[in-house]
Amino acid sequence: AEDLIQRLIVSLQSNRFGCLARGDMDIRDHAWFGVISTEKLLKKKIPAPWVPNIKDPLDAQYFDSYRHVENEPPSNKPQLSAHQQDLFKDF
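Values in this document were obtained by computation on a predicted structure and should not be read as measured data.

What counts, and where the lines are drawn
Residues numbered from 1 in each chain as written. Predicted model: local features only at pLDDT ≥ 70, side-chain atom pairs only at ≥ 80, totals over all residues. Heavy atoms only, no water. Helix = DSSP H or I, 4+ residues; strand = E, 2+ residues; numbered from the N terminus. Rg over C-alpha atoms; globule rule 2.2 N^0.38 Å. Buried < 20%, exposed > 50% of the residue type's maximum accessible area, 1.4 Å probe, protein only. Contact = heavy atoms within 4.5 Å. Areas by Shrake-Rupley, 256 points an atom, 1.4 Å probe, with all protein chains shown as cover. Salt bridge = Lys/Arg side-chain N within 4 Å of Asp/Glu carboxyl O. Polar contact = N/O pair within 3.5 Å; in protein donor to acceptor, adjacent residues only side chain to side chain. Phe/Tyr/Trp six-rings, centres within 6.5 Å; stacked < 30°, edge-to-face > 60°. Lys NZ or Arg CZ within 6 Å of the ring centre and 35° of its normal.

### A word on the overall build of the chain
Phase 1 of the analysis: Each helix and strand counted, the chain has five helices and zero strands in total.
Phase 2 of the analysis: Along the chain, helices and strands appear, N-terminal first, in the series α-α-α-α-α.
Phase 3 of the analysis: Against the globule reference of 12 Å for 91 residues, the chain gives a C-alpha radius of gyration of 21 Å, more extended than a compact globule.
Phase 4 of the analysis: Along the longest, intermediate and shortest principal axes, the C-alpha atoms of the chain span 50 × 45 × 30 Å.
Phase 5 of the analysis: Taking all 91 residues of the chain together, the buried fraction comes to 7%.
Phase 6 of the analysis: For the chain, the share of sequence-separated contacts (at least 6 apart) that also reach a separation of at least 24 residues comes to 14%.
Phase 7 of the analysis: Surface exposure of the chain reaches about 8800 Å², of which carbon and sulfur atoms provide 57%.

### Topic: the pattern of salt bridges
Phase 1 of the analysis: Counted by the stated rule, this structure contains six salt bridges.
Phase 2 of the analysis: The salt bridge partner of aspartate 3 is arginine 7, with a shortest N-O separation of 3.0 Å. Placement of both aspartate 3 and arginine 7 in helix 1 (residues 2-8) is noted, with a separation of four residues, approximately one turn of the helix.
Phase 3 of the analysis: Take aspartate 3: its relative accessible area is 37%, and that puts it in the partly exposed class.

### A look at the side chain of aspartate 26
Phase 1 of the analysis: Turning to its location among the elements, aspartate 26 is positioned in helix 2 (residues 24-28).
Phase 2 of the analysis: On the basis of relative accessible area, aspartate 26 is assigned to the buried category, the value being 12%.
Phase 3 of the analysis: There is a polar contact of 3.0 Å between the side chain of aspartate 26 and the side chain of arginine 22.

### A word on the packing of aromatic side chains
Phase 1 of the analysis: All chains considered together, the criterion is met by three aromatic pairs.
Phase 2 of the analysis: Consider the rings of phenylalanine 88 and phenylalanine 91, whose centres lie 6.1 Å apart with planes at 85 degrees: the pair is edge-to-face.
Phase 3 of the analysis: The cationic tip of arginine 7 hangs over the ring face of phenylalanine 17; the distance from NZ or CZ to the ring centre is 5.1 Å.

From the geometry alone we can't say anything about function, so treat these as descriptive.
Below is the structure:
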């Protein structure tokens, strides 16, 4: 696992695993994934090791709380000018 992680966190994107000539196949073919059939995984044929008990579609009990972020004071960064906003109108 350490080798895979080291190859994924390379700062220069052109040298990062997943961004090389073979793309995601470098990741899929890594020895750490050797016990996993990517074919079965992509077809959702591998049972999940744990299935959460969800009460309703909006049940977020298994997610971290981000209330601390929501309650932060507004940023003191300058707002975009009308011209800057206009550059992104079709984005």
